[in-house]
Each structure stands twice: as C-alpha cells, then as structure tokens.
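Reading the structure
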Amino acid sequence: QDTPSGIGGIKDLLIAPRSRPSNSSAEGRGAEGVGPTGAAGRAGEAQLAYVVMGSKKGGFPVTVESRARGKTVTVIHNVSGDVEALLTDLKGAVGAGGLVREGDVEVQGDHSKKVEALLLKLGCIKGVSHSNIAAALPTSKDSKPSKSIARLDKKASQSSR
C-alpha cells in the first residue's frame, strides 16, 4: 500500500462492512456513510438491512399497546433482517428509547404516525395497500386552502377609495 505505516489498517477497520446474516440481500456492504443505518444505495437501487411486511389485510404492522403502570409502546411487527438496525433508526428519528422483544421492535410512547411515515420514507415497508399508504403520508403545509383572491382584491379596491 502507498499509505504511511498503520494508517491503511485503521482506514480498513473504519470502512469494513458490518457482519450480517447470510440470507441478507446487502451482501458485504456496510451502512457507513449512507444516511439511515440500514439503507445503502447504488445507482438508484436501495438495499436495506431490514424489511417490514404489512399485515394480511394490507395494513401497517404498527400498533400501540399498553404495558405495566399505564406505559404505552409503539410495536412494529413482521420485521425481517437486521432488527437492531431498524430499532436504531426508529429511536433516533422518534427520540425515545426502545427494545427488541420476541422479534418485534418496541419504541416507548405513542409514535405510530411518525413510525409509519419513517418506514415509508425509508422504503422498507412491503405489502401495504395503496389506500393505507396514502392515509399515512404526512400532509404538507401547502395543502391549506389559500385566501380567496377575489376577496383580497375587493379589500384592496375598498382601501384605495
């Protein structure tokens, strides 16, 4: 190598791919430097370390459940792949703690809307009906009805008289 002694080894350690299960579709690629923990892309194609499957009826696999002492948790079911990477992404996006329990991801608090929007944004959700996806998309602030131009013109003409 053409690098000074010792630097090449450190560089190789920093960009070495994380170990993944052998059935993962992200063969040998790490997630370093590519946005969310599980997402990587090459020439427009997104490779994720995890996939979340929709329910049998095409709904989101995101539910809000109660735990002891009245605590609420948002539970994401039907997760396959790197569950820990999904948990890390969700905890960072929502700003709450969480854990993996029996293959499901739990995030503290009621964050179902944020979680659904994040799963759609990452593109890791599969098998959800289009109507449910449309309902889960965040509405933009531009969709507010604007003030009537005719009414504004009428006000302007009255003030100029």
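To be clear, the structure that these remarks concern was listed above.
Rules used throughout
- Residues numbered from 1 in each chain as written.
- Predicted model: local features only at pLDDT ≥ 70, side-chain atom pairs only at ≥ 80, totals over all residues.
- Heavy atoms only, no water.
- Helix = DSSP H or I, 4+ residues; strand = E, 2+ residues; numbered from the N terminus.
- Buried < 20%, exposed > 50% of the residue type's maximum accessible area, 1.4 Å probe, protein only.
- Contact = heavy atoms within 4.5 Å.
- Areas by Shrake-Rupley, 256 points an atom, 1.4 Å probe, with all protein chains shown as cover.
- Expected span 1.5 Å × (residues − 1).
- Pairing = 2+ DSSP bridges.
- Salt bridge = Lys/Arg side-chain N within 4 Å of Asp/Glu carboxyl O.
- Core = buried A, V, L, I, M, F, W, Y, C linked by side-chain atoms within 4.5 Å.

Notes on the overall build of the protein
Secondary structure summary: the protein contains five helices and nine strands in total. Scanning the protein from its N terminus toward the C terminus, one meets helices and strands in the order α-β-β-β-β-β-β-α-β-β-α-β-α-α. For the protein, buried positions account for 29% of its 161 residues. In the protein, 51% of the contacts between residues at least 6 apart in sequence involve partners at least 24 apart. Of the accessible surface of the protein, which amounts to about 11000 Å², a share of 53% is contributed by carbon and sulfur atoms.

Quick word on unusual backbone geometry
With a phi angle near 55°, N78 is a residue other than glycine that sits in the positive phi range. Checked against the element boundaries, N78 lands in the loop between β5 (72–76) and β6 (79–81). Positive phi values are uncommon outside glycine, yet E102 reaches one of about 55°. Positionally, E102 belongs in the loop between β7 (98–101) and β8 (104–108).

With respect to helix α2 (residues 83–94)
Helix length check: α2, at twelve residues, gives a terminal C-alpha distance of 16 Å against a target of 16 Å (1.5 Å per residue), a fit within 8%. Of all the residues in α2, the buried ones are V83, A85, L86, L87, D89, L90 and V94. The inward-facing, buried residues of α2 contact β3 (50–53), β5, β6, β7, β8 and α3 (112–122). Where α2 terminates, the next one or two residues include G95, which has phi positive at roughly 80°.

Thoughts on the pairing of strand β4 (residues 62–66)
As defined by bridge partners, β4 adjoins β5 across five bridges and the pair is classed as antiparallel. Residue S66 lies in a different strand from β5, and its bridge partner there is T72. The hairpin turn running from β4 into β5, its antiparallel successor, is five residues long, and R69 in that turn takes a positive phi close to 60°.

Details of the pattern of salt bridges
Counted by the stated rule, this structure contains three salt bridges. R67 is paired through a salt bridge with E65; the nearest N and O atoms lie 3.2 Å apart. Look at R67 and you get partly exposed, because its relative accessible area is 28%. Given the relative accessible area of 27%, E65 is considered partly exposed. One salt bridge in this structure joins R67 and E106, with 2.6 Å as the shortest N-O distance. With R67 in the loop between β4 and β5 and E106 in strand β8, this residue pair connects regions lying 39 residues apart in the sequence. Residues joined in a network through salt bridges with shared partners are E65, R67, R101 and E106.

Details of the nonpolar core
Counting residues in each nonpolar core, the largest one holds 26 residues, and the members touching the most others are V52, I76, L86, L90, V105 and L119. Looking at this core, the elements with two or more residues in it are β3, α2, β8 and α3. At six residues, α2 tops the list of elements feeding residues into this core. Residues in contact with L119, not counting those within four places in the same chain, are V52, V62, I76, L86, C124 and I125.

Examining helix α5 (residues 149–160)
Taking 1.5 Å per residue, twelve residues should reach 16 Å; α5 reaches 16 Å between its end C-alpha atoms and fits that length. Taking burial as the measure, the twelve residues of α5 include zero buried ones, a minor fraction of the element.

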